[in-house]
Amino acid sequence: MTAALPLALDCDPGVDDALALLLACAAPSLALRLVTTVSGNAPASVCAANARRLLDLAGRAEVPVIAGEDRAVPDAVVHGADGLRGLDLPPPSRPPDGTEAAAALAGFDGILVALGPLTNLARALAPGARWRRLVVMGGAIGPGNTPSGAEYNFAADPAAAAAVLAAGLRPTLVPLDLAREALATPERIEALARACPIGRRIAPMLAGYAEQDRFHHGLAGAMVADLHAVAILDRPDLYATRPARIAVDEAGRCREDTAAPMLDLVVAVKADALFAHLAERLARLSQA
Ligand code: RIB
Ligand code: CA
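Residues numbered from 1 in each chain as written. Chains lettered and ligands numbered in written order. Predicted model: local features only at pLDDT ≥ 70, side-chain atom pairs only at ≥ 80, totals over all residues. Heavy atoms only, no water.

K.L.:
What am I meant to see in the packing of helix H1 (residues 15-26) against helix H11 (residues 271-287) here?
P.N.:
In contact at an axis separation of 9 Å, H1 and H11 are set at 65 degrees when each is read in the N-to-C sense. Compared by their axis directions, H1 and H11 come out roughly perpendicular. Judged by the sense of rotation from one axis to the other, the crossing of H1 with H11 is left-handed. In this structure, H1 contributes Leu19, Leu22, Leu23, Cys25 and Ala26 to the contact, and H11 contributes Leu278, Arg281, Leu282, Arg284 and Leu285. Across the contact of H1 with H11, the residue classes tally to 8 nonpolar, no polar and 2 charged. (Axes fitted to C-alpha atoms, helices over the stretch in contact; angles between N-to-C directions. Helix = DSSP H or I, 4+ residues; strand = E, 2+ residues; numbered from the N terminus. Parallel < 35°, antiparallel > 145°, perpendicular 65-115°, else oblique. Left-handed = near helix turned anticlockwise from the far one by under 90°. Contact = heavy atoms within 4.5 Å. Nonpolar A, V, L, I, M, F, W, Y, C, P; charged D, E, K, R; others polar.)

K.L.:
Would you explain the site of ligand 1 in this entry?
P.N.:
Neighbouring ligand 1 are 13 residues, the closest being Asp16, Asn41, Asn145, Glu151 and Asp226. One of the side-chain nitrogen or oxygen atoms of Asn41 is found 2.6 Å away from an oxygen atom of ligand 1. Measuring from an oxygen atom of ligand 1, one finds a side-chain N or O atom of Glu151 at 2.6 Å. Relative to its unbound accessible surface of 280 Å², ligand 1 loses 97% to contact with the protein. Breaking the shell around ligand 1 down by element, the ones donating at least two residues are H1 and helix H5 (152-156). Its residues placed into classes, the shell around ligand 1 shows 4 nonpolar, 4 polar and 5 charged. (Near = heavy atom within 4 Å. Polar contact = N/O pair within 3.5 Å; in protein donor to acceptor, adjacent residues only side chain to side chain. Areas by Shrake-Rupley, 256 points an atom, 1.4 Å probe, with all protein chains shown as cover.)

K.L.:
I keep staring at the sheet that holds strand S1 (residues 5-11) and nothing clicks. Help me out?
P.N.:
Backbone hydrogen bonds hold the strands of a sheet together, and the pairing may be parallel or antiparallel. Strand order in the open sheet made by the 9 strands is S3-S2-S1-S4-S5-S6-S9-S7-S8, with mixed pairing throughout. Whereas interior strands pair on both sides, the edge strands pair on one side only; in this sheet they are strand S3 (65-67) and strand S8 (254-256). Each strand of the sheet is rotated relative to its neighbour by a mean of 35 degrees, with strand direction disregarded. Pairing of strand S6 (residues 172-174) with strand S9 (residues 262-269), which is carried by 2 bridges, proceeds in the parallel orientation. In the strand pairing of S9, Leu173 is matched with Leu265. (Pairing = 2+ DSSP bridges.)

K.L.:
What's the story with the coordination of the calcium ion (ligand 2) in this structure? I'm lost.
P.N.:
Reference values for angles at a metal are 109.5 degrees in the four-donor tetrahedral case and 90 or 180 degrees in the six-donor octahedral case. Asp12 (OD), Asp17 (OD), Asp17 (OD), Leu115 (O) and Asp226 (OD) make up the full set of protein donors to the calcium ion (ligand 2), lying at 2.2 to 2.6 Å. Donor residues binding the calcium ion (ligand 2) come from one chain and are separated in sequence as D-x4-D-x97-L-x110-D. With Asp12 in the loop between S1 and H1 and Asp226 in helix H10 (residues 225-234), the pair connects residues that are 214 residues apart, well separated along the chain. Here Asp12 matches Asp226 in class, with each residue buried. (Donors = N, O, S within 2.8 Å, 3.2 Å for Na, K, Ca; no water. Buried < 20%, exposed > 50% of the residue type's maximum accessible area, 1.4 Å probe, protein only.)

What follows is the structure, encoded as structure tokens:
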């Protein structure tokens, strides 16, 4: 078996960030070495506390969590006031590990997965960070999830999104469109709850998130977009990508643009197999 890949997550937990973080802890193919947080679903400092609580749940309290700047961003009420829709977890077992998220990312040598606004990544680019692979959850080719039509992460910091996509890093881009193809429906949430103690613990959080996506977008389940940005590393066989050149406008909206650098756009997922795999991975984590 090849050595596990060193992984950093830049995130704003966040309900779907929580799923991605738990999967990153559970996948033997991934070696989570760093978590940084960015203001998005909640202020970066609150996201850092949420990340520490989730790492405690996963038995990974050794993973450093470094907060980014608390900055004003569009409301993300769908995640609830605490960012995790009231997920029943104890307070963090340890204090924060610092607040220089961009510097930590700039010095990271491994795979970077971005699950929130790209503020930290754009700042990390300045010293010339070159990660071995970059996976970004953001953007939408079809309908977004904000009033402007943009997807939330790109709408929250359009300039940062434009800078990261223009940097020529050939990222793998997980757009919101993909999340619409693999909704966390009540049936899939129930299956996770039946699978293991961690599944049971997070099911109410997911159900509340699904209700929000039903109410706001008329969907049959929750768009757990961030999950795919980690799952594609763990199970690339469940996904399909195509080369694309995508530019970001001043509101964070995406368009295909022949002048933009190439990236790999994730366009399909085997949804049933993905949720079965997630249940298996969370069951593994529950036994750890
Ligand atoms: O648009 C989906 C993205 O916005 C995800 O990262 C989710 O966590 C929300 O913040
Ligand atoms: Ca997120």
